[in-house]
Amino acid sequence: MIARLLKTGIRLSMDDLGSGYSSLLRLSRLPFSDIKVDQGLLKQLRKSPLQIMSMIRTIIRMGTDLGCTVFVEGLEDPGMVETATFLGASHGQGFAMARPMTKEQFHNFHSGTPFTPARTTSIRTTLGALAYHWRLFHHDDAFSELLPLSNCPMTGFFKERDDLKEGDLLHRAVHETKGNTQRENSRKLIDWLILRVQEEDMVKDPPSA
């Protein structure tokens, strides 16, 4: 039945990969065209950033290898959008891009919004900075993509944030060292950014009494 549907031009999408009935076994057995990363993962992004970024990055790479288009669900703020983009996502959905709307509102939205692949050359959020440097640190050839300090997007990010002086110094140390020392400085920068992300999350959504 699925094969007959595909012949008519219908695309098969796996929803909510990462939870529920969506499984790797089903992904291997059925000819999916699209994969949607479960938004439940994004809800934990700021609490466990390294674990969740690793899962999202793995799903994106796996989907790409299988020839699928990967959508990241639950992008509710600019930090999440930056993170998904730096992890390799080209498609997403969530309140950061648009809220639910009537068909008339959608017509106006669609006609006035350019739909282009996700790209970003600047960093505006601490979460985005963490995702950018984490991906760089975990590249197959670590730091092969490291830009000169003056051209690095994180340099511009720290320049705009007077409250992140310690992070700026750690970032500069990554650029100014090599080998194991560079890796150690990179690790320190990642740990520092994680603490900042979690602190910002606590301020944004403090625990109930």
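Parameters and conventions
Residues numbered from 1 in each chain as written. Predicted model: local features only at pLDDT ≥ 70, side-chain atom pairs only at ≥ 80, totals over all residues. Heavy atoms only, no water. Helix = DSSP H or I, 4+ residues; strand = E, 2+ residues; numbered from the N terminus. Expected span 1.5 Å × (residues − 1). Buried < 20%, exposed > 50% of the residue type's maximum accessible area, 1.4 Å probe, protein only. Arc of directions from axis to C-beta. Contact = heavy atoms within 4.5 Å. Polar contact = N/O pair within 3.5 Å; in protein donor to acceptor, adjacent residues only side chain to side chain. Salt bridge = Lys/Arg side-chain N within 4 Å of Asp/Glu carboxyl O. Axes fitted to C-alpha atoms, helices over the stretch in contact; angles between N-to-C directions. Left-handed = near helix turned anticlockwise from the far one by under 90°. Nonpolar A, V, L, I, M, F, W, Y, C, P; charged D, E, K, R; others polar. Core = buried A, V, L, I, M, F, W, Y, C linked by side-chain atoms within 4.5 Å. Phe/Tyr/Trp six-rings, centres within 6.5 Å; stacked < 30°, edge-to-face > 60°.

Thoughts on helix 9 (residues 165-176)
Taking 1.5 Å per residue, 12 residues should reach 16 Å; helix 9 reaches 17 Å between its end C-alpha atoms and fits that length. Among all positions of helix 9, only Gly-167, Asp-168, Leu-170, His-171, Val-174 and His-175 are buried. Each buried residue of helix 9 sits inside an arc of 165° when the element is viewed along its axis, so together they form one side. Among the exposed residues of helix 9, those pointing more than 90 degrees away from its buried face are Lys-165, Glu-166, Leu-169 and Glu-176. Looking at the buried positions of helix 9, the neighbouring elements they touch are helix 7 (126-137), helix 8 (153-159) and helix 10 (179-204).

A word on the side chain of Thr-125
Summarising the element assignment, Thr-125 is placed in the loop between helix 6 (103-112) and helix 7. In this structure the side chain of Thr-125 is engaged in a polar contact, spanning 2.9 Å, whose partner is the backbone nitrogen of Gly-128. Sequence-distant contacts of Thr-125, that is, excluding residues within four places in its chain, are made with Pro-78, Gly-79, Glu-82 and Phe-157.

Considering the pattern of salt bridges
With the rule as written, the count across this model stands at nine salt bridges. Note that Glu-200 and Arg-161 form a salt bridge whose closest N and O atoms lie 3.7 Å from each other. In this pair, Glu-200 is assigned in helix 10 and Arg-161 in the loop between helix 8 and helix 9, connecting sequence segments 39 residues apart. Judged by its relative accessible area of 30%, Glu-200 falls in the partly exposed class. The partner of Asp-191 in a salt bridge is Arg-187, and the shortest N-O contact between them spans 3.2 Å. Linking Asp-191 with Arg-187, this pair stays in helix 10, spanning four residues, or about one helical turn. The exposure class assigned to Asp-191 is partly exposed, which follows from its relative accessible area of 36%. For Arg-187, a relative accessible area of 28% puts it in the partly exposed group.

Looking at the packing of helix 4 (residues 49-65) against helix 7
Following both chains from N to C, one finds helix 4 and helix 7 inclined at 60°, their axes separated by 11 Å at the closest point. Where helix 4 crosses over helix 7, the two elements pack in a sense that is right-handed. Of the residues in helix 7, those touching helix 4 at Pro-49, Leu-50, Met-53, Ser-54 and Arg-57 are Leu-130, Ala-131 and Trp-134. For the contact of helix 4 with helix 7, a count of residues per class yields six nonpolar, one polar and one charged.

Here we look at the nonpolar core
The biggest cluster of nonpolar side chains holds 46 residues, and the ones touching the most others in it are Val-72 and Met-154. When residues in this core are grouped by element, the largest group, eight residues, is from helix 7. The contacts of Met-154, once residues within four sequence positions are left out, are Ile-123, Ala-129, Tyr-132, His-133, His-171, Leu-189 and Leu-193.

Some thoughts on the packing of aromatic side chains
Within the structure shown, the criterion is met by four aromatic pairs. Centroid distance Phe-106 to Phe-109: 6.5 Å. Interplanar angle 40°. Geometry classified as tilted. Residue Phe-106 and its partner Phe-109 are located together in helix 6, separated by three residues, close to a single helical turn. Phe-106 sits in the partly exposed class, given a relative accessible area of 43%. Centroid distance Phe-158 to Trp-192: 6.5 Å. Interplanar angle 50°. Geometry classified as tilted.

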